Amino acid sequence: MSQEIERFIEKLKSLSQKDIKPYPFESYNCELAFTQECAFKGDFLNRKLVEMWKDIYNRPYFELHHPTQNHILTRAIQSWQPPNRSLRSLTLFIDENNQFPWVLVVTYEQATSMIIMEDFFLNRRYLSDSQHDIWLRWRITRDCLEMAKEKNLSVENVYHKDTSYCLNIQSERPHHYFTDSLFWFDYLSLKNKIWDTPLFFRSKTMEISKNTREIPVPLHLGYHKEKLDFVAKESLQDFNSLVAPQDKLDRFDKEEVSESEIMELIPQLEA
């Protein structure tokens, strides 16, 4: 078992873009294959997909079936994020017999890339010759190397264990934060603790994790077209305490604005 782990760690350190393959999600039956299928069809609010991820995040450990060995359940045991609230996130998984380590790379959606012992899979949407995709393919190889080095991955710390987790919803871009992560936290009615990192908006329902032993795992389920009404509603509830008195005087000629007057502002904000 230790040989497989050692071989996989060395692979992470020397990952090459020439080994990239599109992940054939049509050929597999697992959480990530179904997630990529729904993303490919633009079916992000598929009821089965929503219930699947809600169930996954309601478990005590973050567990997914292996991307190709679909009968094998694997558990997240470590995670790594680049600095500066990057969209990218890497999560290391392994099975209970410590034979099938793999890494999930998440960017804009939940299944950007998967590195398993035999293959380096990439979501087919990132296989173009655009500058962004060329950069991302290179960046993933560097991220895997940096994760292996910074986490000092070895047979001593890569093994199946009980690892509690919190949700990583950070983002360096407001649009992706609100549409790819925060929306899903509310839509799935999740109760998980949130990784303690700077966020563009913190809902009152969020509980921030202070446990440094919890690994942050990604919640980036992809773009949707639903409105973020709960953000506007919660923000407007704090209107009187957040808006400067002079600004309210200038607009309403008073320092305490009623709920009905606040609600009248919404159509103006959406215009």
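The structure displayed is predicted, hence computed values, not measured ones.

J.: Outline the nonpolar core, listing residues and values.
T.: Membership of the largest hydrophobic core comes to 44 residues, with the highest contact counts inside it found for Leu32, Trp53, Tyr57, Phe62, Leu64, Leu167 and Leu219. Among the elements of the structure, α2 (31-41), α3 (47-57), β5 (102-106), β8 (165-168), α5 (174-187) and β9 (215-218) are those that each provide at least two residues to this core. In this structure, Leu12, Leu15, Leu87 and Leu136 belong to the second largest nonpolar core, which totals 27 residues.

J.: Got a sec to walk through the packing of aromatic side chains? Specific residues and values, please.
T.: With the rule as written, the count across this model stands at 12 aromatic pairs. Between phenylalanine 183 and tryptophan 184 the ring centres are 5.0 Å apart and the planes differ by 80°, which places this aromatic pair in the edge-to-face class. Both residues of the pair, phenylalanine 183 and tryptophan 184, belong to the buried class. One aromatic cluster in this structure is built from Trp53, Tyr57, Phe62, Phe93, Trp102 and Tyr165. Taking the ring centre of phenylalanine 34 as reference, the NZ or CZ of lysine 48 above it sits at 5.1 Å. Residue placement shows arginine 124 over the ring face of phenylalanine 40; its charged tip is 5.4 Å from the ring centre.

J.: With reference to specific residues and values, describe the pattern of salt bridges.
T.: In the structure shown here, the tally under the stated rule is 13 salt bridges. The shortest N-O distance in the salt bridge between glutamate 63 and arginine 75 comes to 2.9 Å. Here the residue glutamate 63 occupies a position in strand β2 (residues 63-65), and arginine 75 occupies one in strand β3 (residues 73-80), the gap between them amounting to 12 residues. Residues glutamate 63 and arginine 75 agree in their burial class; the two are buried. The shortest N-O distance in the salt bridge between aspartate 162 and arginine 75 comes to 2.8 Å. Placement of aspartate 162 in the loop between α4 (131-150) and β8 and of arginine 75 in strand β3 is noted, with a sequence separation of 87 residues between them. Here aspartate 162 falls in the exposed class, since its relative accessible area comes to 59%. For arginine 75, a relative accessible area of 9% puts it in the buried group.

J.: Break down the pairing of β3 for me, with residues and values.
T.: The buried fraction of β3 is high, at 7 of 8 residues. Bridge count between β2 and β3: 3 bridges; the pairing is antiparallel. Bridge pairing links glutamate 63 to arginine 75 in β3. As paired elements, β3 and strand β4 (residues 89-95) share 6 bridges and run antiparallel to each other. Bridging across to β4, arginine 75 finds its partner in isoleucine 94.

Analysis parameters
Throughout, residues of each chain are indexed from 1 in the direction in which the sequence is written. Residues qualify for local features only when their pLDDT is at least 70, as the model is predicted, and side-chain atom pairs are given and counted only at 80 or more; totals for whole chains, interfaces and linings, by contrast, use all residues. By convention in this description, side-chain values take in all heavy atoms of the structure and omit both hydrogens and water. In plain words, nonpolar cores are sets of buried Ala, Val, Leu, Ile, Met, Phe, Trp, Tyr and Cys residues tied together by side-chain atoms within 4.5 Å. Only protein chains enter the calculation, and the probe is 1.4 Å; a residue is then buried if its accessible area is under 20% of its type maximum, exposed if over 50%, and partly exposed in between. The numbering of helices and of strands both runs from the N terminus, where a helix is a DSSP run of H or I of at least 4 residues and a strand a run of E of at least 2. Ring pairs are drawn from Phe, Tyr and Trp, using the six-membered ring of Trp, whenever the two centres fall within 6.5 Å, and their geometry is named by plane angle: stacked under 30 degrees, edge-to-face over 60, tilted for the rest. Only when the NZ of Lys or the CZ of Arg is both within 6 Å of the ring centre and within 35 degrees of the ring normal is a charge said to sit over the ring. A pairing counts as a salt bridge when a side-chain nitrogen of Lys or Arg comes within 4 Å of a carboxyl oxygen of Asp or Glu. Between any two strands, at least two bridges found by DSSP are needed for them to pair.

Structural measurements only, silent on function.
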